[in-house]
Every structure is written in C-alpha cells, then in structure tokens.
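What the coordinates show
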2 protein chains.
Amino acid sequence: MSMIYLDNNATTQVDPAVREAMLPWLGEQYGNPSAGYRIGKQSRKALETAREQVAALIDAEPGEIIFTSGGTESNTLAILSATRLWPERRGLVSSSVEHSAIHEGLGYFADSIGYSPDSIGYNHHEIAVDADGVLDLDAWRAALETGDVAMATLIWANNETGVLSPVVEAAEAARDAKVYFHTDAVQVVGKVPVSVDAAPLHSLAMSAHKFHGPKGIGALYVNKHARFQPSIFGGGQESERRSGTENVAAIVGMGVAADLARQRLDEMQSVEELRDRFERGVVAAIEGVEINGTTDSRLPNTTNLYFPGVDGEGLLILLDEAGVCCSPGSACSTGAIQPSRILKAMGQSSKRARSSVRFSLSHLSTKAEIDEAIAQIEKAVGKLRIVLPSRR
Amino acid sequence: MSMIYLDNNATTQVDPAVREAMLPWLGEQYGNPSAGYRIGKQSRKALETAREQVAALIDAEPGEIIFTSGGTESNTLAILSATRLWPERRGLVSSSVEHSAIHEGLGYFADSIGYSPDSIGYNHHEIAVDADGVLDLDAWRAALETGDVAMATLIWANNETGVLSPVVEAAEAARDAKVYFHTDAVQVVGKVPVSVDAAPLHSLAMSAHKFHGPKGIGALYVNKHARFQPSIFGGGQESERRSGTENVAAIVGMGVAADLARQRLDEMQSVEELRDRFERGVVAAIEGVEINGTTDSRLPNTTNLYFPGVDGEGLLILLDEAGVCCSPGSACSTGAIQPSRILKAMGQSSKRARSSVRFSLSHLSTKAEIDEAIAQIEKAVGKLRIVLPSRR
C-alpha cells in the first residue's frame, strides 16, 4: 500500500541530498570539531559552512546562529535566557496559541502547570486570539505596558492551523516597551520567506526536521545586539552559548536542508495551489466541512478541517488504514487524545476540536495524492457518519 | 598518509554497524514517534528498542533512561533538576577534576565563573585530589555533612587522565548524608563494566559518541525512585522528562552502539595491553617521560604523558603532520590552549601541564599503529628538544 503523507507539520522526509551530505560525517569524517588535527579542523569547517547556510535562510549573520538539538530546546533556551537576564521582572507575555514548547516553558515559570516544586510565581499574560486564530494586538500592547515584562514571545505560524501571527507589529510593540521579543518560527521557516530584518527580533527558534532536514537539530537565532544567557554549560562550544560536542552530521544536514529550502521557496506557490485544491475538494465532497482559522494569512501548506458529526480519532484511524497520514493537530504528545488547546483557545467547542483534523503538505505532495486523499477522506467520513448514530 | 587515531576520549569513529542501523531512519522511516499512524508507531518502537539496549549497558531499566542531545546536556539537566528540587539548599559538592560540563554548570550556580547576571550565590565545595588524581574521600564526606548540600556530583573516570573515582564510596557517603548523587559517566561507559546497581546513584550521564555511536545523542539515567525536575519543556516526550521531537536515527544508533559496547567489554583487555605497550614504548624511547595520574585505577584506553622540556602544543602539531591524532587533554574548548585545569588540580605546575599530552585508544587501535606512533613521538620530541634551547 502506498502512503500519502499529509503530516509535514509534524515532521518531514529527510531530503535525499541532505542524507547524502550527512553520510561522510557518520563515517570517515568523525573528528571532534574542537580538535586541532586535520579531521577535527575539517569538522569545524563543515560546521561553519552549515552556519552560513542556515543564516542565509533567514537573512541572519552566521555569528547569530546557535545550533541546538531542535526547536523545543531553542525555545526553552530563549525563555531561560530572558528570565535570567531580567530576574526582577515577573511578567511573561505570549499568545494563547503557542506551541507546547513555549506554553509549557512559560507555564513552568508561571507555576500554572504544576511543574515547579519551588514557587517561581511569574505572571503569564496569554493574549487571546479571535475565532479565526488572529491575535488581539491591542491586548498584546496593553500587557507589554505593565513595565514588569521579562519576555514577550509569539508563534510566527501556528502548527495546528497554519495561521500567521502579526509578528512585525508584535515585535515593534515589544521594542517600544523595551521588552525582549522572541518568536517561535519552527513552522514558518522554509514555508514562506522569513527575514530577521523584517521585525525587531531578539531571538528566533527553528528546527531542521520541519524543512526536510534531520530530527534532533535546530537553531536559535540571537540578534548580535541582544544579550544571551547560556543554560547548557560546558566546553564553550557555539561561542560559549551552547556547550556540548557538536552534532556535526546533523548540523551539516541542516545546512543543506536550509539551502534547499531557500531555493524551493518559489515552489511553495504550487504547494499552496495543491492545498487549496485539497480544501476545495474536501469541502465539495463532504457536507458541512469548515476550515479552522483564518484563510487570509496562513501557511501555504496547512489546513485544519472541521468534520461535523465525525470523531476525529476514528477518522485518523480509518485514514491510516487507507495509507493517509495526518494528525489531530500537534504531534507533540502521545497517548490520550485531548481536544486541541489551540482550537479551544480560538473559542471552539471541545466537540468541534475533537472533530477536527490537520493536513499539512510539502513540495513532495502530488496532485494524484491529493485527489486520492480526498476520495479516502470522503469514504472514511461516510463510514463514520453511518456508524455514529447507531451507537446511541 | 594513513592516520593513527589516538584521541578516542575526544570522540570515536561511528561503528559501521551503527551507521547502517541509522540509515533507514534518515530515509523512508521518517515518521514522528508521536504520530499514531504506521510510520509513527515504527519510530516509537525503534526508540523503545534503543532504550532497552542503552539500559542494558548499565544494568538499568528502560524507563530509567532519558535520551538527551549528549553528555553535556545530561550533566546540565541533572544539575538544573537537583538545584530546583532542593532550592533551599545552597551547597554543591564535586571533585576538583570534573569535566567542564559539571565544572561550568556548578560554576554558574556558584557565580564563580562570571556566567550569572543575577547572583545565584551557591557555595561550591570542590573537593581536592592528590598528585595522582585520587579524590580525598574524607574531605568529600566532611563537605556532605554541612547539611546544606543540594547535590553531590563526581566524574566516574576523568577524561584527561583516565583516573577512576571512588564512585561507590562517594555515593554511599551522599546517601548517608541524604544528598542527591550524580555521576558524570561519559568517559567510563563502554570502557569498563558500569552498573547502576554498584552504587546508590540518583543519576548518571552518558554520551554515545564516546563509544562509537553518533555525536549529538546521549542519555541521562535517573533512578526510578529519584525525583526529577525537567528543564526542557514542551510536548512531553521522554515521559514528560525531556521534550522535543526525538532524534530517532541517533537514538537507534546509540542503542546499537550500546549493544556493541556491551559485547566488546571483553576486548578492553586487549586495548589495555596495547595502551601499556604504548606507555612502555614511549617511556623507554624518550628520556624523562612520566605518566600523569595513578596507574592503579585507570581506564584501560587512556594515558596522559608528561614530556619534560617539550612544548605540548608543538608536539601536537608535529604529530598531526605525521598523521597521529592526540590531544592536549580536554577536547571541549578551542582556541588558546590553556594549561590543563585537571593537571593543575592535581598540583602539577603549569609548565608540566603544558608539556603533557593525552593519548586514548579504542578497540580499533592496532599494534602496528601503536609502534608507529611511538616512533613518530620519539622523532617529534627529538626535534622539539633540539629546537627549544636555541630559542633562548
């Protein structure tokens, strides 16, 4: 059975060219980049090439890129840095639709999630979004003006709905309030052009496996004029900002993936056309389907669909059997499926959240796959809608 | 020119079987382990197999293994956890010969290194070692009895000298004093049998690339009865203890490497014989050479040699030209070569430290390589000893 992979916001297939570029660094080229001999220096040089490639993808300077183990670590490092740099400030500002890396990270400091055995006791201002997932900028600005904010952080593109945040306005508001501004750009980088020059950012998190690089590698951009407080201590790698022997193979892979992503940004228009074809097809084939989140400002590859009267979990199971891979929303937690925190933050009911499914495409998606996926979804929803009433 | 690699404490060559096992997870098997569909479940299953393999290497249970991005992160997570679990305790106990991951991590809290913009103000008791690198256990016990200690941590085998610490006695003293005990086992795992049952450990750090696994992956063992406070927040991976999409390929590689390391522990006797042959050969060939650190209790693969009247940096350069890879000690920092903090903690002079070089073997080292290395070292030392006096 062939597979139709429509879960590219969860992770992407490693590009064959990326894998190829990684192989020598898992083979003969095993030198520690900190070593002074030949194979060590070759590893170091490979890191610096990759740093240039990653920097180029977001218009940064190579020295502004810190390699990390992924998007989650990048986001965590930004939070830990900001809270330590301004320990006297006890406010944290974010949107209500952050990825769990930020939601749980800020939650730790706000002690709202039950992580903290000591009472850290920050005030976490989670700024609301409307029913379309769009941030309330007035509330954002008001929260920043309390004068007690250590950090403001905003997801650039939401992982579940693809809705793009008003990062420029939000960052400018933070700058005006003299507050550190971070953006979780994990889902946006590689899908639409992202420039760190577009907004006054202090830091930005990204992850290679969201744009056809390997898992386990990411980067934190830190503006060269911003202060940064390290949280992983040791040998002083990454210019004293993130210690630990560098994951050379994965860093090389991220560099090549960044290069390819930059070259492929043009292709995202075709991805968008396919996504729109998919949405139109599903809406036409299945009664009552609605799109979650605004369609005005959204990632080109993502759609989050509400199937009234359909159990989302059941739909995922049937689609898996039919070879279609998609997701209830975030791929970050397993086990018991909770109704999406993101859709609930948009004011949607738990019932609607439980009947919603995310589909995310990539440049590898084809028209034939999309048409087949539509047919399979129609079939699965038909089954579920017949079955459900009889259960009562 | 063929290369003679004698820097296996810095990093090791990825075993071809490890690389082979990783490849599918950089190819078709790209599913996110948190996803419910087939390729997601296959990734999850691969993680759990690797977890069993890594656990088996140290007699742990799979549920006690947390995958991290490497030894440095593992050590940092243990420090961050302990300091948060007992925030009212302001003492930290370690030896004076810790790897920089622990040295700098504790230094952050003790504010002795200048990391901390806020004043964390812990007391860091760095317990002395003697001229042979052996810990003063009486002083260790006395420091624990202050009643104010959040954490005691001890390097199991020193990375520069290979000297093994009295981990059992040190851990028992911590248990008696009701203090959290962590061990940095990065250099020892895979070189001698390590069992978490041997001592009352709360946590233990390890790193795959020290035993022929890939870089960028490690583990933190946390005893199932010990409390643990996460520091990287997000989707709740690793049983809520370390978030972030799992580095599936590297974790699979670490599992296979752990399996191979366990099977190869018997081979370490041959490695030890080669190391001894190397030491004897160098001592016989070059006047005045001395071994740094005790030879009574030492890793089988490591030797740290003092070459009187020889500039260590110059020796490394000449050996690199001759294809022999070795190291001034720690491979964790680049740039300006400082005299080894470890040798200085053993009471050695800066001059002796600057004239010392670490050689570390693996099961891949051969008798022919060792004999060739001895000859090259003799040649290089001869050149340097002739050159040096004329510079005056």
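Here is what the cut-offs are and how they apply
Residues numbered from 1 in each chain as written. Chains lettered and ligands numbered in written order. Predicted model: local features only at pLDDT ≥ 70, side-chain atom pairs only at ≥ 80, totals over all residues. Heavy atoms only, no water. Helix = DSSP H or I, 4+ residues; strand = E, 2+ residues; numbered from the N terminus. Rg over C-alpha atoms; globule rule 2.2 N^0.38 Å. Buried < 20%, exposed > 50% of the residue type's maximum accessible area, 1.4 Å probe, protein only. Contact = heavy atoms within 4.5 Å. Phe/Tyr/Trp six-rings, centres within 6.5 Å; stacked < 30°, edge-to-face > 60°. Domains from an automatic or database assignment. Buried area = accessible area lost by both parts, 1.4 Å probe. Polar contact = N/O pair within 3.5 Å; in protein donor to acceptor, adjacent residues only side chain to side chain. Nonpolar A, V, L, I, M, F, W, Y, C, P; charged D, E, K, R; others polar. Expected span 1.5 Å × (residues − 1). Arc of directions from axis to C-beta. Salt bridge = Lys/Arg side-chain N within 4 Å of Asp/Glu carboxyl O. Axes fitted to C-alpha atoms, helices over the stretch in contact; angles between N-to-C directions. Parallel < 35°, antiparallel > 145°, perpendicular 65-115°, else oblique. Left-handed = near helix turned anticlockwise from the far one by under 90°. Pairing = 2+ DSSP bridges. Patch = residues over 30% accessible without salt bridge, like charges linked within 9 Å, V, L, I, M, F, W, Y side chains within 5 Å. Areas by Shrake-Rupley, 256 points an atom, 1.4 Å probe, with all protein chains shown as cover. Lys, Arg positive; Asp, Glu negative; His and termini not counted. Charge placed at Lys NZ, Arg CZ, Asp CG, Glu CD.

As a further point, take the overall build of chain A. Counting its regular elements, chain A contains 13 helices and 12 strands. Its C-alpha atoms give chain A a radius of gyration of 21 Å, near enough to 21 Å, the size a compact globule of 392 residues would have. In terms of overall dimensions, chain A has a C-alpha envelope of 70 × 55 × 40 Å along the principal axes. Across the 392 residues in chain A, those meeting the buried criterion constitute 64%. Pairs at least 24 apart in sequence give 74% of the contacts found in chain A among residues at least 6 apart.

Attention now goes to the packing of aromatic side chains. Tallied over the entire structure, the rule returns 18 aromatic pairs over all chains. Between the aromatic rings of B:Y108 and B:F109, the centroid separation amounts to 5.1 Å while the plane-to-plane angle is 85°, which identifies the pairing as edge-to-face. B:F109 matches B:Y108 in its accessibility class, with the two residues each being buried. Put simply, the rings of A:Y108, A:F109, A:Y122 and B:F233 touch in pairs and so form one group of aromatic residues.

Here we come to the domain arrangement of chain A. Residues and elements named next belong to chain A. When its domains are assigned, chain A resolves into domain 1 (4-12 + 266-387) and domain 2 (16-263). Here the C-alpha centroids of domain 1 and domain 2 sit 27 Å apart. Residue-level contacts link 31 residues of domain 1 with 32 residues of domain 2. Of all residues in domain 1, L299, R341 and I342 bury the most surface against domain 2, accounting for 24% of the area lost on that side. If you look at where domain 1 meets domain 2, you find 16 residue pairs in polar contact (both at pLDDT 80 or more). Listing elements by their share of the side of domain 1 that touches domain 2, those giving two or more residues are β10 (302-306) and α11 (341-345). Element by element, the count of residues in the side of domain 1 that touches domain 2 is highest for α11, at 4 residues. Of the residues in the side of domain 1 that touches domain 2, the class split is 10 nonpolar, 17 polar and 4 charged.

Turning next to helix α9 (residues 268-285) of chain A. Residue and element names in this part refer to chain A. With 18 residues, α9 extends 25 Å from end C-alpha to end C-alpha; this agrees with the ideal 26 Å at 1.5 Å per step. Regarding α9, the residues found buried are M268, V271, L274, R275, F278, E279, G281 and V282. Each buried residue of α9 lies within a common arc of 165° when the element is viewed along its axis, so the set occupies one face. Summarising the geometry of α9, the exposed residues directed more than 90 degrees from the buried face are Q269, R280 and A284.

A word on the interface of chain A and chain B. On the chain B side, the residues contacting the 71 residues of chain A number 71 residues. Of the roughly 6000 Å² buried between chain A and chain B, counting both surfaces, carbon and sulfur atoms make up 58%. Per-residue buried area on chain A facing chain B is highest for A:Y30, A:Y37 and A:F233; these three make up 14% of the total on that side. Applying the counting rule to chain A against chain B returns 0 salt bridges. Counting every contact that joins chain A to chain B gives 22 residue pairs in polar contact (both at pLDDT 80 or more). For the side of chain A that touches chain B, the elements supplying multiple residues, two or more each, are α1 (16-22), α2 (38-57), α3 (71-85), α4 (100-110) and α7 (237-240) of chain A.

A word on the environment of A:I39. Considering the arrangement of structural elements, one finds A:I39 in helix α2. For A:I39 and A:L144, which are 105 residues apart along the polypeptide, the C-alpha to C-alpha distance reads 50 Å. Excluding residues within four positions of it along the chain, A:I39 makes contact with A:Y30, A:G31, B:M3 and B:Y5.

All names here are of chain B. With respect to the secondary-structure elements, N292 resides in the loop between β9 (290-291) and β10 (302-306). Spatially, the C-alpha atom of N292 lies 44 Å from that of P24, the residues being 268 residues apart in sequence. Once residues lying within four places of it in the same chain are set aside, the contact partners of N292 are T161, N304, L305, Y306, L343, M346, Q348, R352 and S356. Within the structure, N292 has its side chain in polar contact with the side chain of R352 (distance 2.9 Å). A polar side-chain atom of N292 sits 2.9 Å from a polar atom in the side chain of S356.

Between two packed helices, the angle of one axis relative to the other and the distance separating the axes together describe the packing. All names here are of chain A. Remark: α2 packs on helix α8 (residues 248-264), axes separated minimally by 8 Å, with the N-to-C direction vectors making an angle of 30°. Here α2 is positioned roughly parallel relative to α8, judged by the angle of their axes. Two packed elements cross with a definite hand, and for α2 against α8 that hand is left-handed. Along the contact surface, α2 presents S43, A46, L47, A50, Q53, V54, A56 and L57, while α8 presents V248, I251, V252, M254, G255, V256, A258, D259, A261 and R262.

Quick look at the sheet that holds strand β6 (residues 181-184) of chain B now. Residues and elements named next belong to chain B. Spatial ordering of the open sheet is given by β2-β8-β7-β6-β5-β3-β4, a layout of 7 strands whose pairing is mixed. Edge positions in the sheet fall to β2 (65-68) and β4 (123-127), since each of these pairs with one other strand and no more. Taking the axes of each pair of neighbouring strands and ignoring which way they run, one obtains an average angle of 20° across the sheet. Both β6 and strand β7 (residues 203-207) contribute to a ladder of 3 bridges, which runs parallel. When the sheet's bridge partners are listed, T183 is paired in β7 with L204. Strands in contact with helix α2 (residues 38-57) are β2, β7 and β8 (218-222); relative to β2, the strand with the most contacts, it is inclined by about 110°. Along the sheet, helix α5 (residues 137-144) makes contact with β3 (91-95), β4, β5 (149-155) and β6, crossing β5 at roughly 160°.

What follows deals with a negative patch on the surface. The grouping of A:D130, A:D132, A:D136 and A:D296 at the surface amounts to a negative patch. Positionally, A:D130 belongs in the loop between β4 (123-127) and α5 (137-144).

Attention now goes to the pattern of salt bridges. Between side chains of opposite charge, a pair can form when the charged atoms approach closely. According to the stated counting rule, one finds 33 salt bridges over all chains in the structure shown. Among the ionic pairs, A:R264 bridges to A:E267, the shortest N-O distance being 4.0 Å.

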